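Structural description and commentary
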Amino acid sequence: MENKNWIFFIAAIVIVAGIAYYLSFGHIPECQGFECFQDNMRKCEKASYVNEEPEASWEYSIKGTESDECVVNVRLLQAKAGELGIDQLVGYDMDCSYPRGFTAYPEKDLDKCHGRLKEELQGMVITRLH
């Protein structure tokens, strides 16, 4: 009978520890509006937000602090109607780094970003200029 109690006790501890781990590290709150995302970006707390613009849908995910800067991952979810020609970039992403306390639409300032999405977007701009 004592073995069953110990097994139940250990199982309960494992379940509680798993839930605590998920809530602390695995769960990223989803913002429903840009204001919520701005508040989290200002504090550099993990959060995600989908920005629905007329030309594209962008997903922002705050990853946390690196080298005293807030790192935000930007992924192109959907290219919409328009002349941008970015439809072949759907699924690409980039990381953008900002000073703590700063908020912005990350895809608007590519100088703060690095990654495949940035490279492809810059390539398109250069091609259009020629």
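Presented here is a report on the structure given in the accompanying data block. (Residues numbered from 1 in each chain as written. Predicted model: local features only at pLDDT ≥ 70, side-chain atom pairs only at ≥ 80, totals over all residues. Heavy atoms only, no water.)

**A closer look at the overall build of the protein chain**
- If you tally the helices and strands in the protein chain, you get three helices and five strands.
- Among the 130 residues that make up the protein chain, the fraction classed as buried is 31%.
- Sequence separation of at least 24 residues holds for 40% of the intrachain contacts in the protein chain that already meet a minimum separation of 6.
- Accessible area for the protein chain stands at about 8700 Å²; split by element, carbon and sulfur atoms hold 56% of it. (Helix = DSSP H or I, 4+ residues; strand = E, 2+ residues; numbered from the N terminus. Buried < 20%, exposed > 50% of the residue type's maximum accessible area, 1.4 Å probe, protein only. Contact = heavy atoms within 4.5 Å. Areas by Shrake-Rupley, 256 points an atom, 1.4 Å probe, with all protein chains shown as cover.)

**Structural notes on helix α2 (residues 34-43)**
- Turning to α2, its buried residues number three or more, namely Phe34, Phe37, Asn40 and Met41. In a view along the axis of α2, the buried residues occupy a sector of 125 degrees, so they form one face of it.
- Among the residues trailing α2, Cys44 stands out with phi positive, at a value near 55 degrees. (Arc of directions from axis to C-beta.)

**Quick notes on the pairing of strand β1 (residues 48-52)**
- As defined by bridge partners, β1 adjoins strand β2 (residues 56-66) across five bridges and the pair is classed as antiparallel. Each bridged residue has a counterpart across the sheet, and for Glu52 the counterpart in β2 is Ser57.
- Counted along the chain from β1 to the antiparallel partner β2, the turn is three residues long. (Pairing = 2+ DSSP bridges.)

**Here's the deal with the nonpolar core**
- By size, the foremost hydrophobic cluster in this structure holds 26 residues, and its most contacted members are Phe37, Trp58, Tyr60, Ile62, Val74 and Leu117.
- Elements supplying a minimum of two residues to this core: α2, β2, β3 (69-79), β4 (93-99) and α3 (116-129).
- Dropping the residues within four chain positions of it, Ile62 is found in contact with Phe37, Asn40, Met41, Cys44, Glu45, Lys46, Ala47, Cys70, Val71 and Val72. (Core = buried A, V, L, I, M, F, W, Y, C linked by side-chain atoms within 4.5 Å.)

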